[in-house]
Amino acid sequence: MSENADSMQTRHFLLRRLHSLTGIVPIGVFLIVHLTTNSTIAWGGLNTRAQSEGFGWMDRAIATFQHEVSFINNMPLLLLIEVTLWSAIGFHSILGVYYAISGKGNTGAYKYSSNFRYALQRITGYFGIFFIFYHVATLRWGWTWLVPGGTQWSHEAASSTFAAAIQGSTDGFTAVGFLVACFYFLGVSALVFHFANGLWTAAITWGITISRPAQKRWGVICAGLGAGLMLMAWASVIGFATLDYEQASAVEKTMHGEQIHLNTDEPTEAVTLTESKEIDG
Amino acid sequence: MSEAEAYAYDAEMRKANRAKAVAGRSVIFKIKRCDGPNKPSRWESFKVPIEEGANVISSLNWIAANPVTVDGKKTTPVVWESSCLEEVCGACTMLINGRVRQSCSCLINEYAPREGDVMTLEPMSKFPVIRDLWVDRARLFHNLTRIKAWVPIDGTYNMGPGPKESHDHQQMRYALSECMSCGCCLDACPQFTKQEDESKWDSSFIGAHAISQARYFNEHDTGKQLKADRMDALSGAGGINDCGNAQNCVKVCPKGIPLTESIGAIGRSATIHAIKQFFQGKK
Amino acid sequence: MADEKRADEKRVIVVGGGLAGLAATIRIAEAGMPVDLFSMVPVKRSHSVCAQGGINACNEVARQQGYSEYQHFDETLIGGDFLNDQHPVLEMTNWAPKIIDLLDRMGVPFNRSNEGFRDLRLFGGSLFKRTHFSGATTGQQLLYALDEQTRRFAAEGKVNKKEFWEFLWPIVEGAGENARCVGIVAQDMRTMQIQSFRADAVVMATGGCGLVFGKSTNSVICTGGAASRCYQAGAWYGNAEMIQVHPTAIPGADKCRLMSESARGEGGRVWVPAKKGDTRKPRDIPENERYYILEERYPKYGNLVPRDIATREIFDVCVNEGMGINGTNQVYLDLTHMDPDYLTEKLGGILDIYEKFVGDDPRFTPMRIFPAVHYSMGGLWTTYTPGEYQPDSPISGFKPGDPIPVGNEPGMGMEVGAHNNAMTNITGLYAFGEVNFAYHGATRLGANALLSCIFDGLCNGVSVVNFVREGGHQPVFELDQAVFDAATKQEQDKHDKLLDSTSSGTGDRKLNPYQIAFELGEEMNAASTVVKTGPRLEKCLSKLDELKERYSKVELGDGAMWTNQSLSFTRAVGDMIIIGEAIAKAGLLREESRGSHYRTDFPERNDDKFWKASVAKFNKDSGKSDIEFVDVKAGLVKLRPRDYGKTESNAAPAQKEPVGAS
């Protein structure tokens, strides 16, 4: 074997296995953390440590979520974490698409569950890329022209601005907003499936599960994990889609005040806050 | 539908068909024909009287002796590959009603139980057509050379018995040894695609067939001397990593070979091989 | 690689990629001689894959029970009713254990005992366990092992595999005793290109001729066409009439599928309802209302009598006594009294085949079977050089425990490497495997076929190499091209004539090649298989004349110049008629019963007149066979009756059952 071919072999193996690995670490791990954080909008009411004076269930949830977001935004080297994550996602996506287009689905002829999962893994991959791009572009990079109502998300008013972004306005669903909410619903579902199924196939790829019973057992575990994540994902989307903007904004302002109090720096007022003030006015 | 259910569904459907098969009926065979490489293909239909125990081979034999289409047009006998007719040689593999299988074991009673039922026959989809239902599966055999599918014995002189082997290990190896290189696992695999350019065979996905054979030889005491070579071939482009885990292979395998287990096992070998290479490899 | 052939290199052509052909290829390539391997199918799809039961060889366990290579030899001769050439058989059985060792080293997954040794099973014609096996697909496993080694040699450039090439004609230079085979004409079955190939020796390993009998257990490629072409080119054909009919086959619409003898070996029982016309389901028929045919007629061997006897008794019960299941020509082969898991492990492969092709599970429903043509003991006549063992007088009546008269080292039976071993009457043309008539006499013992095929390749492959290297013949690459061109032209003309018949057709059904082949099969099956009579064979011969006449005007249904399968088949039909004629004529002239050849008008073995091999020589003028009877090459073992202890006859005193041979 020539040296060139040899290095090709090594590179091929490395790329393939890195593709598999990045899907789990960091992307999969981040997905779990992210969904856990976001789903606090549904279960954060349990958090009695959140500012409780005069707060109801939803108020506590909003506060918990805001607390989590603020925590993340105050992490050191946040940019490094973000860049790592983005490049992992980029790497996983580009290679994933390249690999996926090399195959040719045949669920029409072979209607086996595993074959549907194979097809779905690729479909959810394509859709997931699209969704993540939209998600990051609109919320993180501020491409508000893609957001109905033009709401810009702010980490300082995390719940309210996000709710407005996926509802299409600050006072409930608009038609386009409803579509965005549905898009979110599908997007998170796709990603959760992609992750859980990817975790199952990765065990075969790496040679962790060999026997059929082992593959089956691991399949049950992955399905369980997937179901749990799916619940969190749906709870997050439904939670924000049904969130009352006014209520969220009110809670955030309360917390915001506290934060200003703690921080000596001048608070940077987000556009949305100004807007919402105007609406308030 | 789970694997087991899919099996049961298929088997039960076929069994039910067998029970309701009408004696003395005729069945329409819709056959995809092609006169040679790079020639257009066309469909021709034949009405074939079904005798007891008829299968696709006996029906094709009938057509060969009576090559007239349902429209009364005289045509040529259909060309297909066959040999043992006992489902141990792998030759007569084709697509029957869109799915790959051997035609010798395909009982008409199980697929077309009523008068006028239609069965479609097509050549395998992942290999170039030679003529009609006959395809060129040279790539499949080439893949066996790619993974050095042999035990490197010193020679054929008398040198005593081979390595001793436990009963269970033999049973495991026997299950793999039954592979007849028919190509069903490849035709049903979404990752294994048609590749007519011979120069690209070595970098195109090798498929469950050769992966499982690599495991078969790696599991033999003398055969494993070539394990590193096999794992080199399977770690590269078109190797084990191209598997997409659709697992159709194991479901269409007529011999019930545990192909997905072989894929897992070779995946593990590849992982270990890579680690070994990293820490110990000379290159 | 064909094109890179060095013009000054001696080469060998092997025709046929079954066990014999591959074993020969490996052996010859290993000796450093380039081999061109021709096969009509990818070699991995050769008919050898169909062999199920196993491969016989003396082994340590049997040896300690009193068995020996010599007894294996003796059994093979009794099985063959003493029509075998004795020296090659001795050499073969002496090599057998070493062949098993070699296959073991090649990685064949032979079944293993609990301790990890090779497991053994009982097979017809022996009271000792001497059959090695790999599940129920032994032939497949052995073929694959040889295929793998061949692939290795091909990867190293020592073997040039030409798959999908059909052998058309041996190129013979000179005539009579000086005839020498210098190459072959072959056709690419895809492009239809006809081409000559030079070779210093040609090994025919082309198997049997089951398709002559229409539906048989053989693969569709087993037309006997290649052997017939050599026969027409002047090679002699020996013991043509000796056709083995397998007692247990599954009747089917396209072919008869083998139900291995191992089903009986593992405890299968053959029975019919004791009451004629009993229409009850088999499970509803109580034990005492079943007629266990073989157990009652042959209490000692029971269901394990040799194939010809089992066949005839099943045939007798159905055809003569009309006791077949529901009046059909079928009997039960019953395994339902055995543990299903045990059956799955030991016989899984063949039981699956039955279930797949019939739709019943033999673990729970008795199988329905009937005899079908299975193996051709006859084949191209070959010669050999006897080995060192030359007793003063032949040994008579060998029994287990008797002193073994000869050692088991190579060279006792045949002189290993002698140039003429397994060579036909045409110098340089060899016949290996089923197409070699030497080993099995009048009937073949179960699990001896795989052995004879591999033995031929391994042992006599050496002869081929020696012949080419030391034979002192002019190297074929020096010969004038004219000889080769003439042969190519002869085949091209035949081919073109067949193609022409497409356009000039009358549409007469009687001239349809498939119809002619069908009638040939029906006639040969009816007249020349289990039970033969003089008048019926004469009728058969005149039917063959009629078919030959019709064939001379045959009309091809496909005029394609590309991958014309009909043409290939039609060409073979003509050759099949010629072999069929040799089979029927030899059967007619052999006025005795011996082994698988059973004449109701001559029910006894007649050693005075017919302890002889029939040798058919093709008469080019009449287009028919001239049959001669020549003495069997014996001298090692004395003739004795072959009765397997049937109750009605005056059987030899029962042998002591071997101890511990459970």
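Up top you'll find the structure we're talking about.
What counts, and at which threshold
- Residues numbered from 1 in each chain as written.
- Chains lettered and ligands numbered in written order.
- Predicted model: local features only at pLDDT ≥ 70, side-chain atom pairs only at ≥ 80, totals over all residues.
- Heavy atoms only, no water.
- Core = buried A, V, L, I, M, F, W, Y, C linked by side-chain atoms within 4.5 Å.
- Buried < 20%, exposed > 50% of the residue type's maximum accessible area, 1.4 Å probe, protein only.
- Contact = heavy atoms within 4.5 Å.
- Axes fitted to C-alpha atoms, helices over the stretch in contact; angles between N-to-C directions.
- Helix = DSSP H or I, 4+ residues; strand = E, 2+ residues; numbered from the N terminus.
- Parallel < 35°, antiparallel > 145°, perpendicular 65-115°, else oblique.
- Left-handed = near helix turned anticlockwise from the far one by under 90°.
- Nonpolar A, V, L, I, M, F, W, Y, C, P; charged D, E, K, R; others polar.
- Buried area = accessible area lost by both parts, 1.4 Å probe.
- Salt bridge = Lys/Arg side-chain N within 4 Å of Asp/Glu carboxyl O.
- Polar contact = N/O pair within 3.5 Å; in protein donor to acceptor, adjacent residues only side chain to side chain.
- Patch = residues over 30% accessible without salt bridge, like charges linked within 9 Å, V, L, I, M, F, W, Y side chains within 5 Å.
- Areas by Shrake-Rupley, 256 points an atom, 1.4 Å probe, with all protein chains shown as cover.

Draft legend 1. Here's a closer look at the nonpolar core. All names here are of chain C. Ile28, Leu103 and Ile454 are the most contacted members of the largest nonpolar core, which totals 166 residues. When neighbours within four sequence positions are excluded, leucine 103 is seen to be in contact with Ile55, Val108, Phe110, Leu142, Leu146 and Ile454. Counting 95 residues, the second-largest nonpolar core is a separate cluster that includes Ala226, Tyr354, Ile516 and Leu588.

Draft legend 2. Examining the packing of helix H5 (residues 113-139) of chain A against helix H7 (residues 175-205) of chain A more closely. Residues and elements named next belong to chain A. Running from N to C, H5 and H7 point in directions that differ by 130 degrees, and their axes come no closer than 8 Å. In terms of orientation, H5 and H7 fall into the oblique class. Where H5 crosses over H7, the handedness of that crossing is left-handed. Residues of the contact of H5 with H7, tallied by class, amount to 16 nonpolar, 10 polar and one charged.

Draft legend 3. Structural detail: the interface of chain B and chain C. Listed as interface residues are 75 residues of chain B and, on the opposing side, 68 residues of chain C. In total, chain B and chain C occlude about 6,000 Å² of area from one another, counting both sides; carbon and sulfur atoms represent 51% of this. Sorting the residues of chain B by area buried against chain C places Glu86, Ile153 and Thr156 of chain B first, and these three jointly supply 12% of that buried surface. At the boundary of chain B and chain C, one finds five salt bridges. For glutamate 86 of chain B, the salt bridge identified is with lysine 255 of chain C, shortest N-O distance 2.9 Å. Counting across the interface, chain B meets chain C through 36 residue pairs in polar contact (both at pLDDT 80 or more). Elements with a minimum of two residues in the side of chain B that touches chain C: helix H2 (56-65), strand S6 (129-131), helix H4 (138-146), helix H5 (167-177) and helix H7 (207-218) of chain B. The leading source of residues in the side of chain B that touches chain C is H5 of chain B, at six residues.

Draft legend 4. Region of the structure containing unusual backbone geometry. Of note, the amide linkage connecting valine 25 of chain A to proline 26 of chain A takes the cis form, showing an omega dihedral of 5 degrees. Structurally, the position occupied by proline 26 of chain A is in helix H1 (residues 3-38). Non-glycine residue threonine 563 of chain C carries a positive phi angle of around 45 degrees.

Draft legend 5. Seen up close, a nonpolar patch on the surface. All names here are of chain A. Residues Leu79, Val83, Trp86, Phe133, Trp141, Trp143 and Trp145 make up a contiguous nonpolar surface patch of about 760 Å² in total accessible area. Counting residues per element, the nonpolar patch draws most heavily on helix H4 (residues 78-102), at three residues. According to the relative accessible area criterion, tryptophan 143 is partly exposed, its value standing at 30%.

Draft legend 6. Main features of the interface of chain B and chain A. Contacts between the two partners involve 42 residues from chain B, matched on the other side by 35 residues from chain A. Buried surface at the junction of chain B and chain A, summed over both partners, amounts to about 3,200 Å²; 47% is from carbon and sulfur atoms. Linking chain B with chain A are one salt bridge, by the criterion used here. Across the salt bridge formed by arginine 16 of chain A and aspartate 242 of chain B, the nearest N and O atoms sit 2.9 Å from each other. Seen at the junction of chain B and chain A, the total is 22 residue pairs in polar contact (both at pLDDT 80 or more). Elements that contribute at least two residues to the side of chain B that touches chain A include exactly helix H1 (3-19), strand S4 (99-102), helix H8 (227-235), helix H9 (248-252) and helix H10 (259-280) of chain B. Ranked by residue count, the leading element in the side of chain B that touches chain A is H10 of chain B, at 10 residues. Grouping the amino acids of the side of chain B that touches chain A by side-chain chemistry returns 17 nonpolar, 16 polar and nine charged.

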